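Listed below are the residues making up each chain.
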Amino acid sequence: MAKSLAGVALLAALFITVDAFRPSGLTNGHATFYGGSDASGTMGGACGYGDLYSAGYGTMTAALSTALFNNGASCGECYRITCDYAADSRWCKKGASVVITATNFCPPNFALPSNNGGWCNPPLKHFDMAQPAWEKIGIYRGGIVPVVFQRVSCYKRGGVRFRINGRDYFELVNISNVGGAGSIKSVSIKGSKTGWLAMSRNWGANWQSNAYLDGQSISFSITTTDGATRVFLNVVPSSWSFGQTYSSRVQF
Ligand SMILES: *[C@@H]1O[C@H](CO)[C@@H](O)[C@H](O)[C@H]1NC(C)=O
């Protein structure tokens, strides 16, 4: 009995180890900030998460340069960003790092008063961070700091959320609060009267389907970019309507 219990525990531990998102290696880049000290200017954004507070992202967010944004495929990814104190002891806070979620795109030649024009041009690896996140690693007056960054696992409170926009034969589903790898590789949708149907990325974290699902309960299957899959069975009740958000209890 004790032996089989130990076996189960070992299996569970193995499963968790295999399933967990593994941090990437370290890469050099730079970081600026935008949006003001209350991060008010960072709401919305090219990933389509909307109000970042209600979507669960808070102010620890950043806009990614072209080289990192990957046309929206990187939306939801988490990065640990450490100020490169060895390279800039003047404006870096020593040993300071912060974990941010990618919620926006920093377009090329994007000129802001913080003087980050050109920093988001390809092939530069650049984070334009919400000001409260940036100030955890850099000194305000510096405006820009060299950083060392690494993709890390995302820890999110609560389950994955689904917001259904669209009408009739067009569902545009915005998928937020994704833990683990954070970014999504593929999504399938299933009405209670349909089989599983592949969805396609429309923009950012918005996935689309042309199925007619009115009056049916809806399930989703999501595979994140590290290959982990979760099924959200009947997460949307048959009484659903467009413009509503449905929260699951399932997380990566
Ligand atoms: C995405 O969903 C969140 C809530 O889950 C909402 O605040 C936001 O406005 C939605 N974005 C879009 C583009 O519908």
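To be clear, the structure that these remarks concern was listed above.
Remember, it's a predicted structure, so these values are computed and weren't measured experimentally.

J.: Help me understand the site of the ligand, please; the structure alone is not making it clear to me.
T.: Residues in close proximity to the ligand include G48, Y49, G50, S54, R163, N165, N174, S176 and T245, which together make up its full environment. Contact between the ligand and N165: an oxygen atom at 2.7 Å from a side-chain N or O atom of the residue. One of the side-chain N or O atoms of N174 is found 2.5 Å from an oxygen atom in the ligand. Coverage of the ligand by the protein amounts to 78% of the 360 Å² it exposes when considered alone. Looking at the shell around the ligand, the elements that each hand over two or more residues are β7 (161-167) and β8 (170-176). When residues of the shell around the ligand are assigned to domains, at least three fall in each of domain 1 (27-152) and domain 2 (160-248).

J.: What exactly am I supposed to notice about the sheet that holds β8 here?
T.: Across a sheet, paired strands are connected by hydrogen bonds in the backbone, their directions being either parallel or antiparallel. Reading across the sheet, the five strands line up as β11-β12-β8-β7-β15 and stay open at both edges, with antiparallel pairing between neighbours. Of all strands in the sheet, those bounded by a partner on one side alone are β11 (200-203) and β15 (244-247). Each strand of the sheet is rotated relative to its neighbour by a mean of 35°, with strand direction disregarded. For β8 and strand β12 (residues 206-209), the ladder comprises four bridges, and the chain directions are antiparallel. Looking at β12, one finds that L172 is bridged to Q208.

J.: I would appreciate a short explanation of a nonpolar patch on the surface in the present structure.
T.: A cluster of nonpolar side chains, contributed by W196, V231 and L233, occupies part of the molecular surface with about 310 Å² of accessible area. Looking at the element boundaries, V231 is found in strand β14 (residues 229-236). On the basis of relative accessible area, V231 is assigned to the partly exposed category, the value being 42%.

J.: What is the right way to read unusual backbone geometry from this model?
T.: Of all residues except glycine, most have a negative phi; of all peptide bonds, most are trans. Residues P122 and P123 are joined by a peptide bond in cis, for which omega reads 0°. Relative to the assigned elements, P123 resides in the loop between β4 (97-106) and β5 (126-130). Phi at N70 takes a positive value of approximately 60°, unusual for a residue other than glycine. Taking relative accessible area as the criterion, N70 reaches 49% and is therefore assigned partly exposed. Even without glycine at this site, N71 takes up a positive phi of about 55°. Assignment of secondary structure puts N71 in the loop between α2 (66-69) and β3 (78-83).

J.: What should I look at first to understand the environment of Q131 in this one?
T.: As for its position among the elements, Q131 is in helix α3 (residues 131-134). Classification of Q131 as buried rests on a relative accessible area of 8%. Residues Q131 and D38, spaced 93 residues apart in sequence, show a C-alpha to C-alpha distance of 7.5 Å. Within polar-contact distance, the side chain of Q131 engages the backbone nitrogen of S37 at 3.2 Å.

J.: Just to check I follow, could you spell out the sheet that holds β3 for this structure?
T.: Read around the barrel, six strands follow the order β1-β5-β2-β4-β3-β6 and close on themselves; strand pairing throughout is mixed. Each strand of the sheet is rotated relative to its neighbour by a mean of 45°, with strand direction disregarded.

J.: Teacher, can you tell me more about the pattern of salt bridges here?
T.: Two side chains carrying opposite charge are able to pair once their charged atoms lie near each other. For the structure shown, the criterion picks out two salt bridges. The partner of R151 in a salt bridge is E77, and the shortest N-O contact between them spans 3.4 Å. Of this pair, R151 sits in strand β6 (residues 145-152) while E77 sits in the loop between α2 and β3, placing them 74 residues apart in sequence. In terms of burial, R151 and E77 fall into one category: buried.

Quick notes on the rules
Residues numbered from 1 in each chain as written. Predicted model: local features only at pLDDT ≥ 70, side-chain atom pairs only at ≥ 80, totals over all residues. Heavy atoms only, no water. Near = heavy atom within 4 Å. Polar contact = N/O pair within 3.5 Å; in protein donor to acceptor, adjacent residues only side chain to side chain. Areas by Shrake-Rupley, 256 points an atom, 1.4 Å probe, with all protein chains shown as cover. Helix = DSSP H or I, 4+ residues; strand = E, 2+ residues; numbered from the N terminus. Domains from an automatic or database assignment. Pairing = 2+ DSSP bridges. Axes fitted to C-alpha atoms, helices over the stretch in contact; angles between N-to-C directions. Patch = residues over 30% accessible without salt bridge, like charges linked within 9 Å, V, L, I, M, F, W, Y side chains within 5 Å. Salt bridge = Lys/Arg side-chain N within 4 Å of Asp/Glu carboxyl O. Buried < 20%, exposed > 50% of the residue type's maximum accessible area, 1.4 Å probe, protein only.

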